[in-house]
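Examination of the molecular architecture
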Amino acid sequence: MADSRPDIAAGRLAPVDYARNFGDVEPALDAKRALVESSRCFFCYDAPCIEACPTGIDIPSFIRKIATGNTRGAAVTILEENIFGGACARVCPTEVLCEQACVRNHSEDKPVDIGALQRYATDHLAERGEQPFRRAASTGKRVAVVGGGPAGLAAAHRLAMLGHAVTVYEAKPKLGGLNEYGIAAYKVPDEFAQAEVGFILSIGGIETRTGQALGRDMTLTELRKEYDAVFLGLGLAGVNALKAEGEDLAGVEDAVAYIARLRQARDKSALPVGRKVVVIGGGNTAIDIAVQSKRLGAEDVTIVYRRGPEEMGATHHEQEFAQMNGVKIKHWARPVRVIGRGGHVSEVEFEYTKLDAAGRLAGTGERFTLAADMLFKAIGQGFVPDPLKHDAQEPLELAGGRIRVNEDRATSLPGVFAGGDCVGGGTDLTVQAVEDGKRAAIAIDRYLKQRR
Ligand SMILES: Cc1cc2nc3c(=O)[nH]c(=O)nc-3n(C[C@H](O)[C@H](O)[C@H](O)COP(=O)(O)OP(=O)(O)OC[C@H]3O[C@@H](n4cnc5c(N)ncnc54)[C@H](O)[C@@H]3O)c2cc1C
Ligand code: SF4
């Protein structure tokens with residue numbers, strides 16, 4: 001009789017393979033290559049790359065500084081607009097942002113490697129352990145920041161620069177948000193995220209309280225009474241359901257939660273992974289869990305997405321990267337049933353999809369199954385408003401299931417601002433969260449000055 005146990009095991013690879021698979025995916029530029037790459041920039045007037053950067057970094061200016069040997073100055077130019085310039089150099093999908101806009105694409109079919117140059121400059125400053133910004137004289141105002149991810153910490157740093165006293169409340173034991181718990185390990189390896197948090201806090205004037213959750217340890221109403229203003233950078237805590245029969249079987253995992261475990265595991269060889277892995281989704285999370293499963297030693301990894309490659313949230317570059325790592329991507333199919341054996345997933349049944357005459361997604365009625373020892377759900381996350389339920393008398397307005405904000409990232413409540421993934425209308429990228437935090441801090445500063 002065939003063995004019905006799922007094939008899930010830790011330690012599928014040799015120790016040397018783990019070190020290689022979870023080490024830095026992109027080698028850094030050395031000084032010579034940085035000089036050559038910087039000389040490819042035309043230093044365009046009205047540079048389209050600046051327009052395409054959500055944080056508006058003056059890209060030609062920092063590249064010119066690299067070209068003239070002023071690497072520290074280049075880093076300061078970057079960090080003035082984006083205090084997470086080091087992380088963004090590693091995680092930004094530059095191929096659809098600054099590098100897509102680069103005019104070099106027209107003359108040579110290859111943009112200036114802006115991301116690598118940004119990393120070169122910010123790494124240079126990080127190696128010196130220097131905080132280039134100073135705090136303004138104290139304003140005597142106190143601001144609470146809830147959520148220690150890129151949005152919250154970008155807000156905290158700018159508020160500290162402007163002379164306000166900041167307290168960051170973070171539910172998890174470590175600061176950094178998804179930079180620490182979510183982004184693929186090979187993009188931000190080792191202790192990079194914590195080192196960057198340390199750099200940001202080194203400006204001073206920022207008190208941090210980890211293990212403190214809004215809604216559990218304090219309410220928004222209490223924070224509004226105690227502080228002059230509040231910034232919410234809560235991210236997305238909810239995971240969308242597959243809505244397929246059998247979703248509760250053992251071996252069906254939330255991709256984000258598994259990635260968090262993987263990011264925190266000192267010894268990657270201790271993480272059990274299936275021999276056959278199926279991933280459902282089409283965004284960053286789907287690519288990341290698929291590639292990391294493969295890099296943990298899974299033999300057969302397939303992403304299944306309900307629409308075509310153009311509609312995937314993951315860029316072409318990321319899709320190619322997954323395929324280069326041996327991940328198969330199957331388009332135009334959706335899960336209808338998770339099939340179990342002995343209470344554990346063993347197969348997933350899919351239905352092929354297509355667009356109907358009205359352009360809506362519809363099942364074709366044809367089905368197929370894929371064998372699976374593990375099934376990862378990576379079909380998106382949602383904002384969970386529960387931490388705000390104690391403040392029902394004066395509720396924060398939501399729009400499209402996330403916190404409603406205006407251009408200044410001001411919410412419907414006076415003195416309460418919000419940004420990053422928890423607000424509507426964004427792109428759910430690190431760089432956008434950083435821009436939101438920065439903009440909100442500038443608006444909070446204006447708000448506090450008006451109230452003096
Ligand atoms: C798997 C994965 C991979 C990704 N890869 C990329 C990538 O390669 N490139 C990219 O640009 N973007 C990527 N993203 C998106 C990016 O990580 C987010 O857009 C970004 O982290 C949003 O920042 P944030 O500060 O809004 O939220 P988060 O980073 O989620 O931080 C929110 C913080 O708030 C805390 N918090 C939540 N609720 C409470 C509470 N009640 N009280 C106190 N604290 C609370 C959380 O613990 C967390 O630390 C990825 C996302 C995921 C899930
Ligand atoms: S668009 Fe390209 S060439 Fe022009 S300034 Fe930006 S990086 Fe340089």
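A brief structural summary.

The subject of this paragraph is the nonpolar core. In this structure, Ile59, Phe62 and Phe84 are the most contacted members of the largest nonpolar core, which totals 67 residues. If we ignore the near neighbours within four places in the chain, the residues touching Phe62 are Ile57, Ala74, Thr77, Ile78, Ile114, Leu117 and Gln118. Counting residues in hydrophobic clusters, the runner-up holds 33 residues, among them Ala184, Tyr305, Ala314 and Ala378.

On to the site of ligand 2, then. In the region of ligand 2, the neighbouring residues are Cys41, Phe42, Cys44, Ala47, Pro48, Cys49, Pro60, Cys102, Val103, Val112 and Ile114. Taken together, the residues of the shell around ligand 2 break down into eleven nonpolar, no polar and no charged.

Angle between the axes and distance between the axes: these two values describe a pair of packed helices. Relative orientation of the contacting elements helix H14 (residues 255-264) and helix H15 (residues 284-295) amounts to 50°, with a least axis distance of 10 Å. The angle between the axes of H14 and H15 places the two elements in the oblique class. Read as a crossing pair, H14 and H15 show a hand that is left-handed. Contacts between H14 and H15 pair Ala255, Val256, Tyr258, Ile259 and Leu262 from the former with Thr285, Asp288, Ile289 and Gln292 from the latter. Within the contact of H14 with H15, the residues separate by chemical class into six nonpolar, two polar and one charged.

As a further point, take the side chain of Arg104. Structurally, the position occupied by Arg104 is in helix H8 (residues 104-108). Of note is the side chain of Arg104, whose polar atom sits 2.6 Å from the backbone oxygen of Arg40. Sequence-distant contacts of Arg104, defined by excluding residues within four places in its chain, comprise Arg40, Phe42, Asp109, Lys110, Pro111 and Val112.

The next thing to look at is the pairing of strand S14 (residues 361-371). Every regular strand shows the same layout, with side chains that alternate between the two sheet faces. Here eight bridges tie strand S13 (residues 344-355) to S14, and the two strands are oriented antiparallel to one another. The residue of S14 that forms the bridge with Leu355 is Leu361. Between S13 and the antiparallel strand that follows it, S14, lie five residues; Gly359 among them carries a positive phi value of about 85°.

Taken together, 34 residues form the shell around ligand 1, and within it Val91, Glu170, Lys187, Leu214 and Asp421 come nearest. A distance of 3.1 Å separates an oxygen atom of ligand 1 from a polar atom in the backbone of Thr430. For ligand 1, the accessible surface in isolation is 1,000 Å², of which the surrounding protein chains cover 94%. Contributing elements (two or more residues each) for the shell around ligand 1: helix H10 (150-161), strand S3 (165-170), H15 and helix H17 (430-450). Among the residues making up the shell around ligand 1, the classes are represented as 15 nonpolar, 13 polar and six charged.

Looking now at the sheet that holds strand S19 (residues 416-418). Strand order in the open sheet made by the five strands is S4-S3-S2-S5-S19, with parallel pairing throughout. Only two strands of the sheet have a single partner each, and these edge strands are strand S4 (206-210) and S19. Shown here is a sheet whose adjacent strand axes are inclined to one another by a mean of 20°, direction ignored. As defined by bridge partners, strand S5 (residues 229-232) adjoins S19 across three bridges and the pair is classed as parallel. Across the sheet, Phe231 pairs through a bridge with Phe417, a residue of S19. Of the strands in this sheet, strand S2 (142-146), S5 and S19 are in contact with H17, which crosses S5 at around 170°.

Calculation notes
- Residues numbered from 1 in each chain as written.
- Chains lettered and ligands numbered in written order.
- Predicted model: local features only at pLDDT ≥ 70, side-chain atom pairs only at ≥ 80, totals over all residues.
- Heavy atoms only, no water.
- Core = buried A, V, L, I, M, F, W, Y, C linked by side-chain atoms within 4.5 Å.
- Buried < 20%, exposed > 50% of the residue type's maximum accessible area, 1.4 Å probe, protein only.
- Contact = heavy atoms within 4.5 Å.
- Near = heavy atom within 4 Å.
- Nonpolar A, V, L, I, M, F, W, Y, C, P; charged D, E, K, R; others polar.
- Axes fitted to C-alpha atoms, helices over the stretch in contact; angles between N-to-C directions.
- Helix = DSSP H or I, 4+ residues; strand = E, 2+ residues; numbered from the N terminus.
- Parallel < 35°, antiparallel > 145°, perpendicular 65-115°, else oblique.
- Left-handed = near helix turned anticlockwise from the far one by under 90°.
- Polar contact = N/O pair within 3.5 Å; in protein donor to acceptor, adjacent residues only side chain to side chain.
- Pairing = 2+ DSSP bridges.
- Areas by Shrake-Rupley, 256 points an atom, 1.4 Å probe, with all protein chains shown as cover.

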